[in-house]
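# Structural features, examined
Below are the chains, spelled out letter by letter.
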Amino acid sequence: MNPKWNGQFSCFDLVAKTNDCSRSVVQVGDIEIGGNDFIVMAGPCAVESERQLLQTAEEVAEAGARILRGGAYKPRSSPYSFQGLGVAGLKILRKAREATGLAIVTEVMCKEDVDVIAEYADIMQVGTRSMENYSLLEALGECGRPVLLKRGMTATLEDLLRSAQIIALAGNPQIILCERGIRTFETATRNTLDIAAVPVLKTVSHLPVIVDPSHAAGVRSLVPALARAAVVVGADGLLVEVHPHPEQALSDGEQSLSFGEFRNMMADLQPYFALQKRGRQLRPQLLAVGGDG
Ligand code: PEP
Ligand code: MN
């Protein structure tokens, strides 16, 4: 391993990779995140109605997604934007799981909501704005559910792993890291997808790493290309926004794929999934692209 990285990350001993440690696989029912299969999580930015979510769940499951995303509690840039349906949204997510068998990932914004969300969710999502909410991270240590930890939009990878270490120290080793784009001087995209974050994280940490191309791009036309990049660079999965009518979405419609666009993207990704899987089976010890174990 690059000696600079070793010095930088080894202090986060519960999440950092050591020479002899194997990769962590996060198990959600029969789904393995960080195993041989590439796992796609898809769904709307926010749960808006039962019809919207159930339709989306059926479509994304049919196209090959294994996990349904959808926010019931939404962190919004404006206090006047849709804030989510709360518990009513969680109940709709549960219905969608019953109808399709998809596992559920949904965001938790504060420690007070951890218990109720853990009753409904299979994976607890920590959003970019909450990555440094240490009291939330500590509360997630005891929630009994895996945590999907998104990188703060101005956070370094060291900051991200510090937050992961806090969750692990609080008792929960089931953590999935998520690169979702960072703030830079570029304005053509909503955020800048730091694609190098994937192989760096896979080299310095044993945790699974997924990519959210939707919040990185901010525009739907870029999502398939960024998703492809994520597979090629060795990510373990994707988190993608999909909506039955993106132009009517209550949040993040510009970056949400329609059903047809999601189906096409999944079809186009198949050869890349197969290539990645073959590589993993041939070189299980070298899961990091360009990594040295
Ligand atoms: C989301 O996943 O809808 C979301 C709010 O993401 P982020 O925290 O990355 O902005
Ligand atoms: Mn969103």
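Residues numbered from 1 in each chain as written. Chains lettered and ligands numbered in written order. Predicted model: local features only at pLDDT ≥ 70, side-chain atom pairs only at ≥ 80, totals over all residues. Heavy atoms only, no water.

## Brief notes about the nonpolar core
Grouped together as the largest cluster of nonpolar side chains are 73 residues, with contacts concentrated most on Leu149, Leu177, Leu238 and Phe262. When residues of this core are assigned to their parent elements, the largest contribution, seven residues, is made by helix α6 (residues 157–169). Beyond its immediate sequence surroundings of up to four residues, Leu149 is in contact with Val126, Met131, Leu137, Leu160, Ser163, Ala164, Ile167, Ile175, Ile176, Leu177 and Cys178. Of all hydrophobic cores here, the second largest spans 15 residues; its members include Ile39, Ile67, Val105 and Ile210. (Core = buried A, V, L, I, M, F, W, Y, C linked by side-chain atoms within 4.5 Å. Buried < 20%, exposed > 50% of the residue type's maximum accessible area, 1.4 Å probe, protein only. Helix = DSSP H or I, 4+ residues; strand = E, 2+ residues; numbered from the N terminus. Contact = heavy atoms within 4.5 Å.)

## Structural notes on the coordination of the manganese ion (ligand 2)
Listed as protein donors to the manganese ion (ligand 2) are Cys45 (SG), His215 (NE2), Glu241 (OE) and Asp252 (OD); their distances from the metal cover 2.0 to 2.4 Å. Spacing between the donor residues of the manganese ion (ligand 2) along the chain follows C-x169-H-x25-E-x10-D. Remark: Asp252 occurs in the loop between β10 (237–241) and α10 (259–282) and Cys45 occurs in the loop between β3 (39–43) and α2 (50–63); sequence separation between them is 207 residues. Looking at Cys45, the relative accessible area reads 4%, which means it is buried. (Donors = N, O, S within 2.8 Å, 3.2 Å for Na, K, Ca; no water.)

## Some thoughts on the site of ligand 1
Taken together, the residues surrounding ligand 1 are Cys45, Arg69, Lys74, Glu107, Gln125, Gly127, Thr128, Arg129, Lys150, Arg180, His215 and Glu241. Backbone polar atom of Thr128 to an oxygen atom of ligand 1: 2.8 Å apart, as the coordinates give it. Contact between ligand 1 and Glu241: an oxygen atom at 3.3 Å from a side-chain N or O atom of the residue. Isolated, ligand 1 exposes 300 Å² of accessible area, and the fraction of that covered by the protein chains is 97%. Across the shell around ligand 1, the residue classes tally to one nonpolar, four polar and seven charged. (Near = heavy atom within 4 Å. Polar contact = N/O pair within 3.5 Å; in protein donor to acceptor, adjacent residues only side chain to side chain. Areas by Shrake-Rupley, 256 points an atom, 1.4 Å probe, with all protein chains shown as cover. Nonpolar A, V, L, I, M, F, W, Y, C, P; charged D, E, K, R; others polar.)

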